Structures are given as C-alpha cells and as structure tokens.
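Tertiary structure, described
Here is what each chain is made of, one letter per residue.
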Amino acid sequence: MNPDGLKDHITSILSSLPSHVLLVAAAKTRNAEEVRAAIDAGIQAIGYNYVQEAEDIRKELEKGGTRISRVRWHLIGHLQRNKAKKAVHLFDMIETIDSNRIAEAVNRHCKAAGITMPVLIEINSGEESSKTGVLPDDAPALVRKTAALKHLKVQGLMTMGPRFGDPENARPYFRLTKKLFDRLKEENIPNIDLKYISMGMSNSYRQAIEEGANIIRIGTKLFGERDYS
Ligand SMILES: *Cc1c(COP(=O)(O)O)cnc(C)c1O
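Residues numbered from 1 in each chain as written. Predicted model: local features only at pLDDT ≥ 70, side-chain atom pairs only at ≥ 80, totals over all residues. Heavy atoms only, no water.

Turning our eyes to something else, we now look at the overall build of the protein chain. Assigned secondary structure in the protein chain consists of 9 helices and 8 strands. Taken along the three principal axes of its C-alpha coordinates, the protein chain extends 45 × 45 × 35 Å. Sequence-distant contacts in the protein chain: of pairs separated by 6 or more residues, those separated by 24 or more amount to 66%. Averaging the locations of the 34 positively and 29 negatively charged side chains of the protein chain gives two centres separated by 6 Å. (Helix = DSSP H or I, 4+ residues; strand = E, 2+ residues; numbered from the N terminus. Contact = heavy atoms within 4.5 Å. Lys, Arg positive; Asp, Glu negative; His and termini not counted. Charge placed at Lys NZ, Arg CZ, Asp CG, Glu CD.)

Printed below as a string of structure tokens:
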C-alpha cells in the first residue's frame, strides 16, 4: 500500500473510534516504510507477533531516523521462553502471557533489567486446543500467580476469537472474555490494575468494542492484504 492510502485508512479508522479505544497496528509482514508511514499517520501503538521481526523493524526505523519511542510496542503473538529476555527489552506491553512458566521467565528478565512490564493474560476463549492462551477456567489462577510476580503488572485480558467469517459469530468469545474480566475485577486481587481488554481485528473490531474492548489490533484494514510470499 502506498503511504497516502495507508494514511487515509488510518485517519478514517482513528476518527471513527471512541476516544477510550487504543488502536494497535498489527504489523506482521509489513516493511519499515509501511510501519513508518503508519507512525507518521498517527498510530500510537505497533503490535508484533514475533520478537525477531520487531527487533529488525525497530532497527531499520531507527536507521532511517524514526524515533521508535514515539509509539508503544506491544507483543501480540505467542512468546517462547527463550525469547523472553529480548522481548523485555523491545516491548512496552506483552499481551500474551498464557502460562505460569512464561510469566516467571518474563518476570526474571524484568527484574534483571530493573523494569516492571505491563502484561495482559491471553484467554483461549474458543477453548480450541490448537490456539494459544489459557483456558477461561484456568485464567483466575494464572492471574493470581502473575499478580504475585513483582516485576509484572497485570493490566487486563487479551483474546483472539475467530479471524474470519461473520464477525457476529465472534461475539460469544468477546462476551466470555469481558465476563471473565468483570469477575476478576470483583476479586480485588492485590498488585494488579485491570483496565484493558484487547480483542477485535479487522473484521470484528466493531463488535469487539461493543462487547467491551478498549484495545483493538488491526492489520489488514490498515495496511491491506498480507503477502506472505
Ligand atoms: C494479525 C493479527 C491481528 C490483525 O489481524 P487482521 O485481520 O489483519 O486485522 C490481530 N491480532 C493478532 C494476534 C494478530 O496476529
């Protein structure tokens, strides 16, 4: 997509969003030019699925003179333990904590780096074994355990839901996640600050916002179809 087209898409989506909703540009497969154009168009957060891809693009942007600290960097893909150290140095938020093991690994590297990392707990709201995320029933225990880790700050929940098809079919997954969020809030767990629900993608972000999302992650609708070749 050319920078003007991208700018138009971003401006029109941003102006259509309620002010409490943060738009994360899901930038996988996009080149530095496209990411730079998105930042110039007013995007405030960039989401990456892979640690390595984020590192490469950040380097390229910096080389080109873009101040990468102008935006917040969110990890939105599954995190492997051997990438936790790098992730801690690259991202401002990790949206995909889904096990005690990964929470502890991230906490350890945050402690070493002397920082506290805002995190979301990823919910496998479809309860599909092929998907990442913690099962809804196991989420409260994971939230409590993560809350006890001093260098992580649990700020909410994230879920994927179905990517394609009628976005109305995504509502049950969004509702389940919101219900879980409300239930956790009532628990008044110490050392957490539940305020974000990250859900909704290009085809489903309107439904997600109606169901309570205040972070949405959009790729295709900003940048155009992805080319994985
Ligand atoms: C790719 C991706 C998105 C955005 O998907 P689109 O359909 O391109 O908007 C959102 N969240 C995650 C975790 C993704 O991997």
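With the rule as written, the count across this model stands at 1 aromatic pair. One Lys or Arg, R58, reaches over the ring of W73 and ends 5.2 Å from the middle of that ring. (Phe/Tyr/Trp six-rings, centres within 6.5 Å; stacked < 30°, edge-to-face > 60°. Lys NZ or Arg CZ within 6 Å of the ring centre and 35° of its normal.)

Turning next to the environment of K179. The residue K179 is located in helix 7 (residues 171-186) in this model. Judged by relative accessible area, K179 falls into the exposed class, the value being 63%. Distance in space between the C-alpha atoms of K179 and G212 is 9.7 Å, their sequence separation being 33 residues. (Buried < 20%, exposed > 50% of the residue type's maximum accessible area, 1.4 Å probe, protein only.)

As a further point, take the side chain of H109. Tracing the backbone through its elements, the reader meets H109 in helix 5 (residues 100-113). Using a relative accessible area of 19% as the deciding quantity, one classes H109 as buried.

This part covers empty space enclosed by the protein. Summary: where empty space remains is shown by rolling a probe the size of a single water molecule over the atoms. With the rule as written, the count across this model stands at 1 cavity of 30 Å³ or more. Its boundaries defined by the atoms lining it, the largest cavity holds a volume of some 60 Å³. Contributing to the lining of the largest cavity are E122, I123, N124, S125, G126, E128, K131, T132, T159, M160, G161 and Y173. Considering only residue class, the lining of the largest cavity consists of 3 nonpolar, 6 polar and 3 charged. (1 Å grid on protein atoms, 1.4 Å probe; cavity = no way out; pocket = protein on both sides within 12 Å on 5 of 7 lines; lining within 4 Å. Points joined across faces, edges and corners; volume = space filled by probe spheres on them. Nonpolar A, V, L, I, M, F, W, Y, C, P; charged D, E, K, R; others polar.)

This part covers the packing of helix 1 (residues 3-16) against helix 2 (residues 32-40). Relative to each other, helix 1 and helix 2 sit at 45 degrees, their axes nearing to 9 Å. Considering their axes alone, helix 1 and helix 2 lie oblique with respect to each other. The chirality of how helix 1 crosses helix 2 is right-handed. On helix 2, the residues touching P3, L6 and I10 of helix 1 are E34, A37 and A38. Of the residues in the contact of helix 1 with helix 2, the class split is 5 nonpolar, no polar and 1 charged. (Axes fitted to C-alpha atoms, helices over the stretch in contact; angles between N-to-C directions. Parallel < 35°, antiparallel > 145°, perpendicular 65-115°, else oblique. Left-handed = near helix turned anticlockwise from the far one by under 90°.)

For the ligand, the set of nearby residues contains 13 residues, the closest of which are K28, N49, S202, T220 and R226. K28 places a polar side-chain atom, nitrogen or oxygen, 2.7 Å from an oxygen atom of the ligand. Within the side chain of T220, an N or O atom sits 2.6 Å from an oxygen atom of the ligand. Considered on its own, the ligand offers 380 Å² of accessible surface; in the complex 95% of this is hidden by protein. Of the pockets mapped on this structure, the ligand occupies the largest pocket. For the shell around the ligand, the per-class residue count stands at 5 nonpolar, 4 polar and 4 charged. (Near = heavy atom within 4 Å. Polar contact = N/O pair within 3.5 Å; in protein donor to acceptor, adjacent residues only side chain to side chain. Areas by Shrake-Rupley, 256 points an atom, 1.4 Å probe, with all protein chains shown as cover. Sits in = over half its atoms within 2 Å of the grid points.)

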